[in-house]
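Given next are the chains, with one letter for each unit.
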Amino acid sequence: MSSVTLAEYLFTRLVQLGVNSLHGVPGDFNLRLLDYVEPTGLRWVGNANELNAGYAADGYARIKGVGALITTFGVGELSAINAIAGAFAERAAVVHIVGTPSRETQDQRQLVHHTFNDGEYRRFSKMASHVTVAQTRLWDLEPSPAQIDEVLQQCLRHSRPVYIEIPVDMVDQPVLVERLSRPLDISPLPPVSCSKVLMVRILDRIYAAKRPVIVVDGESRPMGILGQLQRFIITTQWPFWTTAYGKGLLDETTSNCHGVYRGRFDSLEAQAYVNGADLVLYFGPHLSSSNTFSCSAIPRDEVAIYISDMAVQFGRELFRDIPAQHLLSQILKGLDIKRVVSDNAHQRIPRLSSLTLSEVAGPSPITQNHLWRLLAGYLRPGDIVLGETGTAGYGVREMALPRHSRVFTPVTWLSIGYMLPASQGAALAQRELMMADEYQGIRDARTILFIGDGSFQMTAQELGTIIRLGLNVVVFVVNNDGYTIERCIHGRQQAYNDITRWRYLQAPQLFGGGEEVYTASARTWDELGGILTTDQLWNGSGLRMVEIVCHREDAPDGPLVEYLQRQNSV
């Protein structure tokens, strides 16, 4: 029977799953592995460091469904582990491949570099086990293909990172090619017998509801129910809100969409309506304090039905092993729309809207209470918007989105600096989908990053990767002279919230860009208006970068500051 090398087997599986690009950093224990990347049909994306590679693979995965990176043993994988932990917390399917010393070296407990010099080689994999859903060590040749398949299945089924170790002497070893002819089976487990009873129970609650509300949270994406959920919302015409994690997953141009629900920090009209609901269908719950505005956006137990990927919860009554895709398909099939009440009172609640330049024009300083609604007017269908942890991450939540747009906002992990490398991964995935005509027929979408000056300094090197790959990325650096988000929480005048003042617009040249990179800076609304009407900014190609200078204590709105101050006591 024909054979391939173990490296070819793994990389071919990744290509079959839709991975076209592999992020990472070369190191002496993965170099032989890297020799097989491009011959197998993958693009190699060399990142500035392993942490950035992990962030980029995460961003890629959230757009394409799965991403991958390669690091070297020890120092490389530990540099990436923060990014892998974030992918685990926020359910991004990332395959972390680690090149390790040869089996002989490990068996003999040799005192080699990238170790603690004590012959112990298993510490790093133990660390990885806490932030990945499955792990495997390709130590014996015969079972290795099955091990790869099982780990990849777990990655896709749970939409969480996995960890694969490949000793350097295993890379070139031959394995049978036969398994590659069979696609990986990632179908969910069959529903338990009570699923039909639960469907009827949910339908009864739907028919009885006089003031229903739908909440769309971010785990709806890895659950694979977005198409079904959009149909349900269109069919019922019930009002729906999202969490920050869920923003952009469904069409926000519909009249029954009310944006991100901010709990007790939302408008009085929104609070009154949601708090008065007699049924809250909550899809894809991710109930961290940072995603629910200090838990104030979590509905009352007596009205809530939570639908997660493999469970249904009525208040505090939990039913396990109920696949969401199956359940929702049965609800849609059995729904009698004539028995569904649609309360139009929600139409009186103000919806997100954009501002025009004429509404803010003048020589006055730029402030974030108007900035985000102004910038929303420049978005177009298919754009990917990233708002870094900080004031930008809260600002993008207030942006009205066109159809087929996606938003990355701070959810739970909140590792500052994530969004710049993630924008590289997301933009690359976006380009691959557009080139394959798998992006809703859209071919002119952009990736737009909003990032504070402090976060930018964390991972600025990844501008070089964006430039080298020619990715269509627009970067807005909100320069408010330090960690303004931390000033809002605590230490408004403290030196620990200060940072070095960089010349941000010189960064593209430092990282390999030429005169073709568009850069501009604005301090006033008039200056910003002139920039926003520049054709090169919106219709150009490659990297474009704009600095928006704000006051060091400026934040999107008053309720945000109150919320952040409360966060300090959590």
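Predicted model, so just to flag it, every value in this text is computed and none were measured.

Peer 1: Please clarify how the overall build of the chain should be interpreted in this entry.
Peer 2: Counting secondary structure elements, the chain contains 23 helices and 21 strands. What you see for the chain is a C-alpha radius of gyration of 24 Å, in line with the 25 Å of a compact globule of 570 residues. Projecting the C-alpha coordinates of the chain onto the three principal axes gives extents of approximately 70 × 65 × 45 Å. Residues classed as buried in the chain amount to 59% of the 570 residues present. Carbon and sulfur atoms make up 51% of the accessible area of the chain, which totals about 22200 Å². With 51 positive and 59 negative side-chain charges, the chain shows a separation of 6 Å between the mean positions of the two kinds.

Peer 1: What exactly am I supposed to notice about the UniProt feature "domain: Thiamine pyrophosphate enzyme central" (unreviewed entry) in the chain here?
Peer 2: What UniProt calls "domain: Thiamine pyrophosphate enzyme central" (unreviewed entry) maps, in this numbering, to residues 201-333. For the annotated span residues 201-333, helix accounts for 31% and strand for 23% of the residues, and the straight-line distance between the end C-alpha atoms is 15 Å.

Peer 1: What am I meant to see in helix α4 (residues 75-89) here?
Peer 2: Given 3.6 residues to a turn, an α-helix orients residues that are three or four positions apart in the same direction. Helix length check: α4, at 15 residues, gives a terminal C-alpha distance of 22 Å against a target of 21 Å (1.5 Å per residue), a fit within 8%. Taking the largest bend as the criterion, α4 deviates by roughly 40°, centred on Ile81. Considered for burial, the residues of α4 that qualify are Gly76, Glu77, Ala80, Ala83, Ile84, Ala85, Gly86, Ala87 and Ala89. Close packing links the buried residues of α4 with α3 (50-64), β4 (67-72), β5 (94-100), α6 (123-129) and β7 (162-167).

Peer 1: What's the story with the layout of surface pockets in this structure? I'm lost.
Peer 2: By rolling a water-sized probe across the atoms, one finds the places where empty space is left. For the largest pocket, the calculated volume is near 1300 Å³. Lining the largest pocket are 45 residues, with Arg221, Pro222, Gly224, Leu226 and Arg406 sitting closest to its centre. Its residues assigned to classes, the lining of the largest pocket comprises 21 nonpolar, 13 polar and 11 charged.

Peer 1: Would you mind going over α3 with me for this structure?
Peer 2: Taking 1.5 Å per residue, 15 residues should reach 21 Å; α3 reaches 21 Å between its end C-alpha atoms and fits that length. Here α3 starts with a cap whose side-chain oxygen sits 3.2 Å from the backbone nitrogen of Leu51, and that cap is Asn49. A positive phi of about 105° marks Gly65, the residue just after α3.

Peer 1: Looking at this structure, how should I read the packing of α3 against α4?
Peer 2: Two numbers describe how α3 lies on α4: the axes approach to 7 Å, and their chain directions differ by 30°. For the element pair α3 / α4, the angle class is roughly parallel. The element α3 and its partner α4 pack so that their crossing is right-handed. Residues Glu50, Leu51, Gly54, Tyr55, Asp58 and Arg62 of α3 lie in contact with α4, whose contacting residues are Gly76, Ser79, Ala80, Asn82, Ala83, Gly86 and Ala87. Taken together, the residues that form the contact of α3 with α4 break down as five nonpolar, five polar and three charged.

Peer 1: Whenever I open this one, the packing of aromatic side chains confuses me. Can you help?
Peer 2: Centre-to-centre distance and the angle between the planes together describe a pair of aromatic rings. Scanning the entire structure with this criterion turns up 19 aromatic pairs. Plain terms: the ring middles of Trp241 and Tyr261 are 6.2 Å apart, the flat faces sit at 70° to each other, and that makes the pair edge-to-face. Note that Trp241 is positioned in strand β10 (residues 240-242) and Tyr261 in the loop between β11 (257-260) and α11 (268-275), a separation of 20 residues in sequence. Each member of the pair, Trp241 as well as Tyr261, carries the same accessibility label: buried. Where Trp502 meets Tyr504, the ring centres are 6.0 Å apart and the plane angle is 35°; that geometry is what we call tilted. Overall, the relative accessible area of 36% leaves Trp502 in the partly exposed class. Of the aromatic side chains, those joined through ring pairs into one cluster are Phe29, Phe73, Phe116, Tyr121 and Phe124. For the cation-ring pair, Arg62 lies above Phe408, with the distance from its terminal atom to the ring centre recorded as 5.9 Å.

Peer 1: Could you clarify how one ought to interpret unusual backbone geometry in this entry?
Peer 2: Trans is the common state for peptide bonds, and a negative phi is the common state for residues other than glycine. Positive phi values are uncommon outside glycine, yet His114 reaches one of about 65°. Within the fold, His114 resides in the loop between α5 (103-107) and α6.

Peer 1: I would appreciate a short explanation of the domain arrangement of the chain in the present structure.
Peer 2: Accessible area lost when the parts come together is the quantity often used to give the size of an interface. Per the domain assignment, the segments making up the chain are domain 1 (3-181), domain 2 (196-348) and domain 3 (357-568). One C-alpha centre belongs to domain 1, the other to domain 2; they are set 37 Å apart. If you look at the interface, domain 1 gives six residues, while domain 2 gives six residues. Of all residues in domain 1, the largest losses of buried area upon contact with domain 2 belong to Arg62, Glu90 and Arg91, amounting jointly to 72% of the total for that side. Taken together, domain 1 and domain 2 are joined by two salt bridges.

Peer 1: It is not clear to me how the pairing of strand β21 (residues 543-549) should be interpreted in this structure. Could you clarify?
Peer 2: Each regular strand displays side chains that alternate between the two surfaces of the sheet. Extensive coverage of β21 is indicated by the burial of seven of its seven residues. Side chains Leu543, Met545, Glu547 and Val549 of β21 all project onto a buried face; the interleaved residues Arg544, Val546 and Ile548 project onto the opposite face, where all are buried too. Of the strand pairs in this sheet, strand β20 (residues 518-522) and β21 are connected by five bridges, and their pairing is parallel. Pairing of Ala520 across the sheet is with Val546, part of β21.

Peer 1: What exactly am I supposed to notice about the sheet that holds strand β9 (residues 212-216) here?
Peer 2: The pairing of strands in a sheet happens through backbone hydrogen bonds and is either parallel or antiparallel. One open sheet accounts for seven strands, arranged β11-β10-β9-β12-β13-β14-β15; its pairing is mixed. Because the sheet does not close on itself, it has two edges, and the strands there are β11 and β15 (317-320). Each neighbouring strand pair of the sheet contributes to a mean axis angle of 15°, computed without reference to strand direction. Taken together, the four bridges between strand β14 (residues 311-314) and β15 define a ladder with antiparallel strand orientation.

Peer 1: Please clarify how the packing of α3 against helix α16 (residues 419-435) should be interpreted in this entry.
Peer 2: Think of two packed helices as two axes; the pair is described by the angle between the axes and how far apart they sit. Where α3 meets α16, the closest approach of the two axes is 6 Å, and the angle between their N-to-C directions is 40°. If you check the angle between α3 and α16, you find them oblique. Once α3 is placed against α16, the crossing between them reads as right-handed. Together, Asn52, Tyr55, Ala56, Gly59, Tyr60, Ile63 and Lys64 of α3 and Pro421, Ala422, Gln424, Gly425, Ala426, Leu428, Ala429, Gln430, Glu432 and Leu433 of α16 make up the contact between the two elements. Partitioned by chemical class, the residues of the contact of α3 with α16 number 10 nonpolar, five polar and two charged.

Peer 1: Would you mind going over the pattern of salt bridges with me for this structure?
Peer 2: Note on pairing: side chains with opposite charge can pair once their charged atoms come close. Here the structure, examined in full by the defined rule, presents 23 salt bridges. A salt bridge links Arg122 to Glu165, with the shortest nitrogen-to-oxygen separation between them at 3.0 Å. Of this pair, Arg122 sits in the loop between α5 and α6 while Glu165 sits in strand β7, and the two are 43 residues apart along the sequence. Accessibility expressed as a relative area gives 4% for Glu165, which makes it buried.

Peer 1: In this structure, what is going on with the UniProt feature "binding site: Mg(2+)" (unreviewed entry) in the chain? I would like to understand it.
Peer 2: According to UniProt, the feature "binding site: Mg(2+)" (unreviewed entry) maps to Asp453, Asn480 and Gly482 in the numbering used here. Inspection of the secondary structure assignment puts Asn480 in the loop between β19 (473-479) and α19 (484-489). Excluding residues within four positions of it along the chain, Asn480 makes contact with Gln368, Thr391, Asp453, Cys550, His551, Arg552 and Asp554.

Definitions and limits used
Residues numbered from 1 in each chain as written. Predicted model: local features only at pLDDT ≥ 70, side-chain atom pairs only at ≥ 80, totals over all residues. Heavy atoms only, no water. Helix = DSSP H or I, 4+ residues; strand = E, 2+ residues; numbered from the N terminus. Rg over C-alpha atoms; globule rule 2.2 N^0.38 Å. Buried < 20%, exposed > 50% of the residue type's maximum accessible area, 1.4 Å probe, protein only. Areas by Shrake-Rupley, 256 points an atom, 1.4 Å probe, with all protein chains shown as cover. Lys, Arg positive; Asp, Glu negative; His and termini not counted. Charge placed at Lys NZ, Arg CZ, Asp CG, Glu CD. UniProt positions renumbered as here; feature names shortened; annotations may be inferred. Expected span 1.5 Å × (residues − 1). Bend = angle between axes of the 7 residues up to and from the residue. Contact = heavy atoms within 4.5 Å. 1 Å grid on protein atoms, 1.4 Å probe; cavity = no way out; pocket = protein on both sides within 12 Å on 5 of 7 lines; lining within 4 Å. Points joined across faces, edges and corners; volume = space filled by probe spheres on them. Nonpolar A, V, L, I, M, F, W, Y, C, P; charged D, E, K, R; others polar. Polar contact = N/O pair within 3.5 Å; in protein donor to acceptor, adjacent residues only side chain to side chain. Axes fitted to C-alpha atoms, helices over the stretch in contact; angles between N-to-C directions. Parallel < 35°, antiparallel > 145°, perpendicular 65-115°, else oblique. Left-handed = near helix turned anticlockwise from the far one by under 90°. Phe/Tyr/Trp six-rings, centres within 6.5 Å; stacked < 30°, edge-to-face > 60°. Lys NZ or Arg CZ within 6 Å of the ring centre and 35° of its normal. Domains from an automatic or database assignment. Buried area = accessible area lost by both parts, 1.4 Å probe. Salt bridge = Lys/Arg side-chain N within 4 Å of Asp/Glu carboxyl O. Pairing = 2+ DSSP bridges.

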